[in-house]
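Read off the chains here:
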2 protein chains.
Amino acid sequence: MHSLSAPITAPDATYYQQALSRQAQLTKPPGSLGLLEDCAVRLAAMQRRAMPKLEKIHVSVFAADHGIAEEGVSAFPQVVTMEMVKNFAAGGAAVNVLARHVDAYFEVVDVGLLQPVALPNVINHQAGAGTANFSRTAAMNDEQLTIALAAGRSAVERAVANGADLFIGGEMGIANTTSASALAAASLRIPAADITGAGTGLNAGQIDHKARVIDSALQHHHAVLQSPLDILKTLGGFEIAALTAAYISAAQQGLPVLIDGFISSVAALLAVGINPGCVDWFFYGHCSAEKGHARVLQALNAQPLLNLQMRLGEGSGAVLAVPLLQMACRLHNEMATFSQAQVSTA
Amino acid sequence: MHSLSAPITAPDATYYQQALSRQAQLTKPPGSLGLLEDCAVRLAAMQRRAMPKLEKIHVSVFAADHGIAEEGVSAFPQVVTMEMVKNFAAGGAAVNVLARHVDAYFEVVDVGLLQPVALPNVINHQAGAGTANFSRTAAMNDEQLTIALAAGRSAVERAVANGADLFIGGEMGIANTTSASALAAASLRIPAADITGAGTGLNAGQIDHKARVIDSALQHHHAVLQSPLDILKTLGGFEIAALTAAYISAAQQGLPVLIDGFISSVAALLAVGINPGCVDWFFYGHCSAEKGHARVLQALNAQPLLNLQMRLGEGSGAVLAVPLLQMACRLHNEMATFSQAQVSTA
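Computed from a predicted model, the values in this text were never measured in an experiment.

Among the 8 residues of helix α4 (residues 94–101) of chain B, 6 are classified as buried, and the element is accordingly described as predominantly covered. Within α4(B) the residues assigned to the buried category are Ala94(B), Val95(B), Asn96(B), Val97(B), Leu98(B) and Ala99(B).

Pasting the structure below:
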């Protein structure tokens with residue numbers, strides 16, 4: 001686990017100040033581009049560039065199965081995890097369409113399907129054949145956790161090798177909102193009912209059942225739910241562990257990250273718990289309709305770019321926000337200054 | 001004014017139902033793409049296409065000066081209207097950068113600068129040398145109103161002739177949040193203080209002054225503030241009249257419209273007051289930080305796509321939302337169905 005705690009360099013303060021100063025000179029009332037100004041200035045500081053750019057976008061979707069699915073906590077059958085991996089490989093899922101629109105590099109990583117799929121464009125990095133049912137036992141053992149974390153780091157290594165300007169992680173795993181809700185409840189020390197939502201489409205009674213399954217597991221594992229890594233091992237999914245390590249690794253390598261929805265944000269929360277400096281490298285694509293997302297974003301002090309009542313995962317809400325960040329850069333780089341355009345100031 | 005009341009055909013109900021049915025078959029939990037699903041389905045109905053598309057985007061920015069600027073209601077000097085028109089013509093303003101990013105056709109129309117600018121790429125459609133100061137007299141006369149309305153219609157005619165799939169109107173005019181606040185207060189029959197905001201950057205005392213100027217004008221003109229066209233003539237700006245007519249005209253010609261910020265939304269409110277059917281053809285780019293915008297959007301029953309604390313105008317918040325609508329279309333058109341991808345349903 002040593003690499004998780006390796007130091008993270010903060011974005012550059014000089015480039016930050018220089019970019020702030022440029023924003024004040026552009027032909028617009030000060031602050032009138034709102035959150036886009038902050039995005040451009042932060043990216044300049046991260047990239048150590050006067051003119052930030054987001055040309056190469058890297059999207060890694062991590063997929064894994066969950067033992068907790070046995071408890072009847074999802075609206076969809078477990079086989080859908082594998083079926084959707086095939087759909088990602090064939091380019092038919094929402095995240096594929098969005099990745100094509102922003103010309104992103106796209107890959108899907110099997111971190112632990114029940115049965116591996118034999119497809120040339122699915123990266124095999126299996127930590128196990130699904131996690132164990134965490135209502136009874138820890139979701140994974142130490143070796144499995146190590147492999148799942150390594151899957152996230154490997155994805156970031158590929159992104160860096162490809163010259164990526166931005167890393168986006170996505171996830172797929174039937175029952176993974178149950179795992180994420182349990183992780184969030186344990187991390188934030190709140191009851192499951194405060195954070196448990198409909199996932200792919202549960203009704204009110206099914207959501208109550210899901211929250212009871214989580215609270216019972218939190219009670220069962222109470223003594224071992226101490227550090228973020230303990231929590232991740234006990235309640236996590238392999239794909240959530242991969243995301244957690246990917247976010248830390250990206251920050252360690254100075255690669256900006258765009259976080260997606262509820263599950264990705266829970267991984268971000270764990271990442272910040274493990275290595276707090278990584279938070280400086282995060283942007284947040286959206287606030288989803290999944291009940292717990294707003295609460296987790298609040299804990300991260302996040303300002304999401306979109307709020308479109310989405311609840312799909314896969315990285316979709318993050319990829320959707322890419323054009324906003326790209327336009328924030330172009331506004332910063334291409335707008336005329338008051339003096340260039342000979343426009344009077346206030 | 002006859003053309004303003006010409007009938008508007010509603011978007012096609014059969015294409016609407018067909019698109020709804022397709023959304024239910026795509027490989028995602030039902031409803032999980034949130035507002036994007038609604039956008040794609042509505043566009044299919046407007047375009048009478050099974051597969052909606054947004055390739056050609058037409059952006060017309062209308063600029064005009066305001067007599068009410070004499071009352072000290074803006075943070076910027078009046079000459080900035082003309083200076084920004086030159087900036088638009090040179091491609092240096094925020095809306096230019098955004099229009100380039102989405103490959104939109106861009107034009108700027110002078111509907112009434114104090115002094116016309118002699119630039120080949122500024123369309124001259126002057127209704128007058130700025131409006132009159134509405135604190136004392138009606139902002140424009142009947143002839144001027146007719147010309148300003150025609151400027152909006154002409155822009156839509158050019159958009160239709162160019163084969164546009166979407167119309168965006170922008171505006172520039174020092175003091176035009178004062179005009180827009182007065183128009184909104186008169187239309188919604190609420191006190192100016194409920195809707196008057198900082199515009200380009202007033203402090204609290206200056207906002208109070210601005211609201212008092214507006215309330216005093218509303219009282220002065222009380223007897224004539226009856227129909228939306230009376231209100232527009234008395235308190236309006238030439239660019240706001242142009243936007244109002246453009247929105248109605250686009251709806252009459254079956255061209256979808258993407259509304260920008262506070263001023264554009266006030267024009268949309270007036271347009272709906274004049275010819276209610278046009279509302280079915282509107283999308284809303286964003287909710288801005290300008291105080292009155294949320295109130296006007298509420299009156300329009302609008303669901304804006306973005307909320308980034310922007311307050312720039314120019315059409316910027318609408319152009320920024322274009323990629324969201326484009327991705328909504330592509331998701332609708334390109335995602336695999338459950339049966340195509342052999343994915344199990346809930």
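What follows continues from the structure just given.
Our focus in this paragraph is the nonpolar core. Tyr247(A), Phe282(A), Tyr247(B) and Phe282(B) are the most contacted members of the largest nonpolar core, which has 267 residues in total. Phe282(B) has contacts with Arg42(B), Tyr247(B), Val257(B), Ile259(B), Ala268(B), Ala271(B) and Val272(B), leaving out every residue within four places of it along the chain.

This part covers the relation of the copies chain B and chain A. The operation relating chain B to chain A is a screw motion whose rotation component is 180°, with 0.0 Å of axial translation and a residual RMSD of 0.0 Å. Taken together, the rotation and translation relating the two chain copies correspond to the operation of a two-fold axis. The overlap is high: 100% of the interface residues of chain B also sit at the interface in chain A, so the same surface is used on both sides.

Right, let's get into the sheet that holds strand β3 (residues 122–124) of chain A. All names here are of chain A. If you walk across this open sheet you meet the 6 strands as β3-β2-β1-β4-β5-β6, and the pairing is parallel. One side of each edge strand has no neighbouring strand; the edge strands of this open sheet are β3 and β6 (282–284). Strand-to-strand twist of the sheet, defined as the mean angle between neighbouring strand axes without regard to direction, takes the value 30°. Where strand β1 (residues 57–64) and strand β2 (residues 105–112) come together, 7 bridges link them in parallel fashion. Opposite Val61, over in β2, you have Val108 as the bridge partner.

All right, on to the domain arrangement of chain A then. Residue and element names in this part refer to chain A. Taken domain by domain, chain A holds domain 1 (11–52 + 331–341) and domain 2 (57–324). Computed over C-alpha atoms, the centres of domain 1 and domain 2 are 32 Å apart. Between domain 1 and domain 2, the residue contacts involve 9 residues of the former and 12 residues of the latter. Where domain 1 meets domain 2, there are 0 salt bridges. Of the residues in the side of domain 1 that touches domain 2, the class split is 6 nonpolar, 1 polar and 2 charged.

Cut-offs and rules
- Residues numbered from 1 in each chain as written.
- Chains lettered and ligands numbered in written order.
- Predicted model: local features only at pLDDT ≥ 70, side-chain atom pairs only at ≥ 80, totals over all residues.
- Heavy atoms only, no water.
- Buried < 20%, exposed > 50% of the residue type's maximum accessible area, 1.4 Å probe, protein only.
- Helix = DSSP H or I, 4+ residues; strand = E, 2+ residues; numbered from the N terminus.
- Core = buried A, V, L, I, M, F, W, Y, C linked by side-chain atoms within 4.5 Å.
- Contact = heavy atoms within 4.5 Å.
- Least-squares fit on C-alpha atoms with pLDDT ≥ 70 in both.
- Pairing = 2+ DSSP bridges.
- Axes fitted to C-alpha atoms, helices over the stretch in contact; angles between N-to-C directions.
- Domains from an automatic or database assignment.
- Salt bridge = Lys/Arg side-chain N within 4 Å of Asp/Glu carboxyl O.
- Nonpolar A, V, L, I, M, F, W, Y, C, P; charged D, E, K, R; others polar.

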